[in-house]
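# An overview of the molecular structure
Read off the chains here:
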Amino acid sequence: MLRLLRPLGRRVTWTRWLHLFIGTFVFGIWLFISEGDLYIPVIALGLLGFLPAMRMVEGLQARVLLSPHGYKDDASGIAVTSSATWADRWRTVLWLELRLGLGLLTGRITVVLLGLATDLASAAGGDGPAPDSLVPLPGGHWWYALLVPLPVALLLAAVVGLGELMTLLARRLLGPSADERLAALEERTEQLLERNRIARELHDSIGHALTVAVVQAGAARAAGSPEFTERALAAIEETGRAALEDLERVLLVLRESGQRPAGGRPTLADADRLLESARASGAALDAELSGPLAQVPGPVSREGYRIVQEALTNVLRHAGPVPTRVRIAVAAGRLELDVRNPITEGAAAVRGNGVGGNSNGKGSGLRGIRERAALLGGEAAAGPHGDEWRVTVGLPLDGPR
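Note that the structure is a prediction, hence the values are computed from the model and not measured. (Residues numbered from 1 in each chain as written. Predicted model: local features only at pLDDT ≥ 70, side-chain atom pairs only at ≥ 80, totals over all residues. Heavy atoms only, no water.)

## Concerning the sheet that holds strand S1 (residues 285-290)
The pairing of strands in a sheet comes from backbone hydrogen bonds and takes either a parallel or an antiparallel form. Definition in use: Any two strands with at least two DSSP bridges between them are considered paired. The helix count covers DSSP runs of H or I at least four residues long, the strand count covers runs of E at least two residues long, and both are numbered beginning at the N terminus. Here an angle of 0 to 180 degrees is reported between the N-to-C directions of two axes, which are lines fitted to C-alpha atoms, with helices fitted over the stretch in contact. By definition, residues are in contact when any of their heavy atoms lie within 4.5 Å.
Pairing is mixed in the open sheet, where five strands are placed in the order S1-S2-S3-S5-S4. The sheet is open, and its two edges are formed by S1 and strand S4 (379-385), each paired on a single side. In this sheet, adjacent strand axes meet at a mean angle of 10° when their direction is disregarded. In the sheet, S4 pairs with strand S5 (residues 388-396) via seven bridges, with the strands oriented antiparallel. Paired with Glu379 across the two strands is Gly394, which belongs to S5. Here helix H10 (residues 271-280) sits on the sheet in contact with S1 and strand S2 (324-331), set at roughly 170° to S1.

## As for helix H2 (residues 11-22)
The following threshold applies: Each residue after the first adds 1.5 Å to the expected span of a helix. Relative accessible area decides the class of each residue, using a 1.4 Å probe on protein chains only: under 20% of the type maximum gives buried, over 50% gives exposed, and in between gives partly exposed.
In this model, H2 (12 residues) spans 17 Å end to end at C-alpha, consistent with the 16 Å of a helix rising 1.5 Å per residue. All of the buried residues in H2 are Val12, Thr13, Thr15, Arg16, His19 and Leu20. On its buried side, H2 packs onto helix H5 (52-66), helix H6 (86-124) and helix H7 (149-173).

## Regarding the packing of aromatic side chains
As a reminder of what qualifies: What counts as a ring pair is set by centres within 6.5 Å for rings of Phe, Tyr and Trp (its six-membered ring), and what kind of pair is set by the plane angle: stacked under 30 degrees, edge-to-face over 60, tilted for all other angles. We call a charge positioned over a ring when the NZ of a Lys or the CZ of an Arg lies within 6 Å of the ring centre and within 35 degrees of the ring normal.
Per the counting criterion, the structure on display carries four aromatic pairs. Among the aromatic residues, those joined into a ring-pair cluster are Trp14, Trp17 and Phe21. Positioned over the ring face of Trp86 is Arg89, at 4.7 Å from the centre of the ring.

So, in structure tokens, the structure goes:
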């Protein structure tokens, strides 16, 4: 019982009722002008629906009165933009005509049921039927009073039902068109891709900085040498500053979604800084850079930098400061990346147990490398190769095909 009465306590139930009545104003105004030619307001209302701005006006009014969250409710399914196509115009015309029809029906039901309740109450009081009574009831029967709630209940049910029907029609006829839904889906996809990119940026940059800091701090404590400690602190400071710069760029994207300062992100032109950071962490790094790295297109160069960074981070995290070979080459329209290091017993145990991001390619680090490569139309592979752990990536310079 309470569930049936709950809609009557909601504000939107009564604003929907008001919305139904507002749709009859044009018809009511015409009756003051002329009681004949009732088809004229119907035709005039249909012509108004062809105006592009009419869809926006009706959408705003529908959101305010039909949605429980007001005109800011973007999830209401009701558009608030002007008609962009003839299909939108025809749907607006149909909406206006149906709104007029449902409004007239609501007004008629309201008058009839309220009048019937009044006649029942009057007849129960002993009065005879009024000249304009809807139903001629003989007076003097007290039990008519027991029937008064019946038309009132029917009216309340009509208010709720017609309001729900009106809201359903608004979503159907004033809702986004197929083109608008496609545009919204594309925008949502772009947002998700941007979030994934930001997540990878944070994982690669901050993860690398923390790994370097942990390795350096542990090595400095084990060495017990003031000179080594000084070098370790300098390396931690430099890596931390670079990570803070990356973090500021990411936060700028989050604050101002319309700006994507991709040009400020590190590229392969900054590879020397990355390699020096790894060397400062104790890795015996053998690097080979060949080809016109400065001419690598921006997206490929930026993603290539992050891939090398993640590969070196995995080396430091799982194998420690071991001899590592890095090859970055540009040839035949492709960027080739190769990072390999000997598999130590500790690293083999970690990778074999599925921990730390290098096991069977299931970790977020290697998954991020594969995602970056796939987005650029390239391929990536990671795993044991003999007694070495090897990460190889090939990226086309002209992007995906």
